[in-house]
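Architecture at a glance
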Amino acid sequence: MKDFATSEDPRVQAQLDRLAALSIPQGRLGLETIHALLERLGDPHKRLPPTFHVAGTNGKGSTCTYLRFMLEAQGLKVHAATKPHLVRYNERIRLGGKLISDEMLADLLREVLDAGEDLSPSFFEVTTAAIFLAFAREPADACVIEVGLGGRLDATNVIDHPAACGIVTLGIDHEAFLLRPEEGAPEEPLARIAFEKAGIVRGPAPVVTLAYPESATLEIERAALTAGAPLHMRGRDWDAAVGDVIEYSDRHGELVLPLPTLPGTHQAENAALAVAILRHQDQVTVSPEALADGLGAAHWPARLQHLSSGPLTRHAGAREVWLDGGHNPDAGVAIARHFAGQRLHLVIGMLANKDPRALIDPLAQSIASIRAVPVPGHDCHGPASFGASALAADSVADALTNLPDDGLPVLIAGSLYLAGVVLEANEEVPD
């Protein structure tokens with residue numbers, strides 16, 4: 001599977017092969033194993049510099065990216081952990097602004113896998129332990145860590161004293177991993193999502209969020225109150241108006257900040273949240289100038305990325321080709337907002353466990369044609385899932401080659417796994 005990737009370095013590949021043999025043990029969800037594994041490694045998660053922990057459904061990776069770039073614009077050395085990787089496993093661990101080297105990665109994975117062999121850890125638990133071990137050993141001024149699934153039971157949720165926690169957009173995704181109402185979770189679906197995401201809250205660290213419907217807000221308020229964590233919600237404690245610039249305001253004053261280079265209104269919203277997270281904590285100082293510079297420098301692949309001319313996009317001729325890994329309804333709305341009023345051809349590859357209407361319905365007014373492609377290594381939806389007019393293509397290259405000769409732009413979307421395949425084929429590997 002693409003989760004585990006391959007490496008040209010035989011030392012790394014040997015450890016990736018061991019990782020590929022792991023899975024999520026059926027019937028076991030909890031933090032006991034990651035705690036046991038970290039204890040054997042000397043509890044590296046307790047020796048981190050000021051750490052920013054970010055949960056949510058959509059926008060976690062982008063918000064973490066803005067945090068990293070703004071902190072780096074201040075002149076700070078920053079470690080960052082994001083997921084999933086697109087092409088290389090190394091993308092999950094960034095040390096001082098650079099992807100972890102193959103040599104260090106091979107040694108870390110071997111150490112963690114050897115230490116926990118009898119614990120039967122999951123892929124995610126081994127990855128998280130390797131992240132914490134790397135971050136504890138390499139000095140830095142700050143860490144930025146993206147939550148994986150949920151929050152409450154995510155392997156990263158062993159951090160006891162974050163500098164701040166952030167919660168981004170809430171939406172329905174990965175429902176199979178949610179606690180059910182009969183198990184003590186809220187009845188309403190969005191409230192259950194909020195309950196899981198708010199599991200990362202740790203007092204006295206501030207928690208900074210967007211604005212949500214009442215049911216979700218109540219769950220986050222309850223979590224913050226229980227943990228003794230100051231809660232700073234958009235519309236109450238900070239706000240931002242997005243136009244040609246971001247007009248940001250909170251108790252510290254007002255800022256006029258440039259729009260991020262990442263396209264889409266939703267990216268400006270993510271950027272504003274990242275600003276609010278930094279403005280509502282006191283462990284790291286970031287100037288307004290660094291906030292602005294970081295927003296202007298930030299880049300994050302496969303999020304409404306305009307692909308360069310390369311071996312893959314040349315199949316589309318002179319037309320624009322865009323790439324987005326979005327696969328759930330909230331992502332569909334954000335993408336549709338960006339392309340509102342335009343017509344485009346959609347090349348879509350979506351895993352079988354995702355809702356095929358998640359992108360099709362929001363984009364309905366923009367779609368000129370649909371071509372369904374496989375996601376290598378995964379079960380995925382066929383063309384019938386996307387409507388009667390959808391066509392099948394053997395690959396993205398095949399889909400691009402056989403588009404109508406109308407010059408309309410192309411959007412490739414539906415899966416971050418597919419996005420990784422596209423970037424590798426177009427020789428735009430993240431670095």
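Residues numbered from 1 in each chain as written. Predicted model: local features only at pLDDT ≥ 70, side-chain atom pairs only at ≥ 80, totals over all residues. Heavy atoms only, no water.

Within the protein chain, the secondary structure is distributed over 13 helices and 17 strands. In the protein chain, which comprises 431 residues, the share counted as buried stands at 58%. Restricting the contact set of the protein chain to residue pairs at least 6 apart, pairs at least 24 apart contribute 73%. Surface exposure of the protein chain reaches about 17400 Å², of which carbon and sulfur atoms provide 50%. Between the centroid of the 35 positive side chains of the protein chain and the centroid of its 56 negative side chains there is a distance of 2 Å. (Helix = DSSP H or I, 4+ residues; strand = E, 2+ residues; numbered from the N terminus. Buried < 20%, exposed > 50% of the residue type's maximum accessible area, 1.4 Å probe, protein only. Contact = heavy atoms within 4.5 Å. Areas by Shrake-Rupley, 256 points an atom, 1.4 Å probe, with all protein chains shown as cover. Lys, Arg positive; Asp, Glu negative; His and termini not counted. Charge placed at Lys NZ, Arg CZ, Asp CG, Glu CD.)

The eight strands lie next to each other as β4-β3-β2-β5-β1-β6-β7-β8, forming an open sheet whose pairing is mixed. Two strands lie at the open edges of the sheet, namely β4 (98–99) and β8 (231–233), each paired on one side alone. In this sheet, β4 lies alongside strand β3 (residues 93–95) in antiparallel orientation, the contact comprising two bridges. The residue bridging Arg94 from the neighbouring strand is Leu99, located in β4. (Pairing = 2+ DSSP bridges.)

Our focus in this paragraph is the packing of aromatic side chains. Enumeration according to the criterion identifies four aromatic pairs in this entry. Both rings, one in Phe123 and one in Phe124, keep their centres 5.2 Å apart while their planes meet at 90 degrees; by these two values the pair is edge-to-face. We classify Phe124 as partly exposed; its relative accessible area is 31%. With centroids separated by 5.8 Å and ring planes inclined at 90 degrees, the aromatic side chains of Trp322 and Phe339 adopt a geometry described as edge-to-face. Of the two residues, Trp322 is situated in strand β13 (residues 321–324) and Phe339 in the loop between α10 (329–338) and β14 (344–348); the sequence distance between them amounts to 17 residues. (Phe/Tyr/Trp six-rings, centres within 6.5 Å; stacked < 30°, edge-to-face > 60°.)

Bringing the pairing of strand β17 (residues 410–413) into the picture now. Burial along β17 is two-sided: Val410 and Ile412 and Leu411 and Ala413, pointing in opposite directions, are all buried. Inspection of the sheet shows β14 paired to β17 by four bridges, in the parallel sense. Residue pairing in the sheet places His345 in a bridge with Val410 of β17.

The next thing to look at is the packing of helix α6 (residues 189–197) against helix α7 (residues 214–227). One can describe the packing of α6 onto α7 by two numbers: an axis separation of 8 Å at closest approach and a directional angle of 25 degrees. On the basis of the axis angle, α6 is roughly parallel to α7. Relative to α7, the crossing made by α6 is right-handed. Here Leu190, Ala191, Ala194 and Phe195 of α6 come into contact with α7, specifically with Ser215, Ala216, Glu219 and Ile220. For the contact of α6 with α7, the class distribution of residues is six nonpolar, one polar and one charged. (Axes fitted to C-alpha atoms, helices over the stretch in contact; angles between N-to-C directions. Parallel < 35°, antiparallel > 145°, perpendicular 65-115°, else oblique. Left-handed = near helix turned anticlockwise from the far one by under 90°. Nonpolar A, V, L, I, M, F, W, Y, C, P; charged D, E, K, R; others polar.)

Turning our eyes to something else, we now look at the pairing of strand β9 (residues 238–242). Both β9 and strand β10 (residues 245–250) contribute to a ladder of five bridges, which runs antiparallel. When the bridges of β10 are listed, Trp238 appears paired with Asp250. In this antiparallel pair of consecutive strands, β9 and β10, the connection spans two residues.

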